[in-house]
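# Chain and residue survey
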Amino acid sequence: MLNRCKKICLLWLPVLALSCQTAYRLPLPPRASGAMGGTAFYKQVDSMQWNTREPLALHEILSGNIPAFLHKFVPVKTSITGSDGKKITAIYYVAPDYLSIGSGEDFARVPLTPMTAQRIADSLHCFLPTRKMVNDIYLQSKVKLEPMPLYAHRDSAIIFWHHHLIIEGQRKGRKGLIAGIKKDVVISGKISRDPKPSRVAIYGWHKMDGKPIQPLYTGHVNWYVDYSHGIRLIYRKIRVDGRWMDYTEVLQHPVYKTLLCDEDNCDFFTY
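Residues numbered from 1 in each chain as written. Predicted model: local features only at pLDDT ≥ 70, side-chain atom pairs only at ≥ 80, totals over all residues. Heavy atoms only, no water.

### Re the overall build of the chain
Quick reminder of the rule: Where helices and strands are cited, they refer to DSSP runs of H or I of at least four residues and of E of at least two residues respectively, numbered from the N terminus. In this description, accessible areas are obtained by the Shrake-Rupley approach with a 1.4 Å probe, and a residue is regarded as covered only by the protein chains that are shown. Only four residue types enter the charge count, namely Lys and Arg as positive and Asp and Glu as negative; His and the chain termini do not. By convention, charge coordinates are those of NZ in Lys, CZ in Arg, CG in Asp, or CD in Glu.
Each helix and strand counted, the chain has nine helices and 14 strands in total. Taken along its principal axes, the extent of the C-alpha atoms in the chain is 55 × 50 × 35 Å. If you sum the accessible surface of the chain, you get close to 12,900 Å²; carbon and sulfur atoms cover 56% of it. For the chain, the distance from the average site of its 36 positive side-chain charges to the average site of its 23 negative ones is 6 Å.

### Some words on the sheet that holds strand S8 (residues 183-186)
Sheet strands line up and pair through hydrogen bonds in the backbone, either parallel or antiparallel. As a reminder of what qualifies: Pairing between two strands requires that DSSP report at least two bridges joining them. The contact criterion used is simple: two residues touch if any of their non-hydrogen atoms lie within 4.5 Å. To define axes, lines are fitted to C-alpha atoms, for helices over the stretch in contact only, and angles between the resulting N-to-C directions are given on a 0 to 180 degree scale.
What the four strands build is an open sheet, ordered S10-S9-S8-S11; its pairing is mixed. Here the strands that pair on one side only, and so sit at the sheet edges, are strand S10 (212-221) and strand S11 (229-230). In this fold helix H6 (residues 131-140) packs onto S8, strand S9 (199-206) and S10, with an angle of close to 20° to the strand it touches most, S9.

### Focus on helix H4 (residues 50-62)
Working note: α-helix, 3.6 residues per turn, so residues spaced by three or four point in the same direction. Filter applied, for reference: Expected span of a helix: the number of residues minus one, times 1.5 Å. We call a residue buried when its accessible area falls under 20% of the maximum for its residue type, exposed when it is over 50%, and partly exposed in between, using a 1.4 Å probe and counting protein chains only. The directions from the helix axis to the C-beta atoms form the arc being described.
Helix length check: H4 (13 residues) gives 18 Å between terminal C-alpha atoms against 18 Å at 1.5 Å per residue, within 8%. Arg53, Glu54, Ala57, Leu58, Glu60 and Ile61 are the residues of H4 that are buried. Seen from one end, H4 has its buried residues packed into an arc of 165°, which puts them on one side. Tucked inside the fold, the buried residues of H4 contact helix H3 (38-44), strand S3 (100-102), helix H5 (114-123) and helix H7 (157-171). Where H4 terminates, the next one or two residues include Gly64, which has phi positive at roughly 100°.

### Comments concerning the packing of aromatic side chains
Cut-off, in case you're wondering: Put simply, two rings from Phe, Tyr or Trp (the six-membered ring, in Trp's case) pair if the centres are within 6.5 Å, and we call them stacked under 30 degrees between planes, edge-to-face over 60, tilted for the rest.
Summed over the entire model, instances satisfying the criterion amount to nine aromatic pairs. Each ring, one from Tyr24 and one from Phe73, has its centre 5.3 Å from the other, and the planes form 80°; the classification is edge-to-face. On the criterion of sequence distance, the pair formed by Tyr24 in the loop between helix H2 (14-21) and H3 and Phe73 in the loop between H4 and strand S1 (74-81) is long-range, its members being 49 residues apart. Comparing Tyr24 with Phe73 shows no difference in burial state: the two are buried.

Here it is, written out as structure tokens:
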């Protein structure tokens, strides 16, 4: 039986691989030996605007220039009780930290617009979280850190880098699923219902009492990104009562959608 499972895992099918490994791994090429670290990346983009900086970040990430700890996702469990009183359970797999560029020894978290984040997510069989998922991830995280708001030049690369260094000073090398350090870029039914077009939805940045600084908000245009925004990737296949489903199937199911979404409308799946 063990040999059979190993053979199945050799197939290039993410769902079957996940069944054997009980964890999702990003399908990225190995990081090049001469790839730039996080420090070098921020030196290069220091004076760039978002529309010049983001293509560089996209290239670095999809070429495999991310720290090794981001490759393996970790499980988050959730459950609901159906109208018949039966408990329904689900497991989804999340990146242990926000998207970053560099090596394990020299990496940096990189805030991105939802358009770039979506291109990365689509390329890696992933999606962006909902508000409910951000809350569940926070509750199940191993490393919870106090938010550290900054107030000047919020949308500049130098402040992105400065905020990353603050987080690393707080983290003190602790490992595991981390939360409380960023506002998540999320999918939300509020986006398609906002009277203004081209919105980004953000939520989270939980304080140590578990309450988020940022309520669900679509007040920014989608090209706006600042130091507090983070991109958390979620593997798009969800295991619901032992059966694999695409996240879009779950969000469209009349019962299962509440496993992932706590909004009245759970019909916005992608930017």
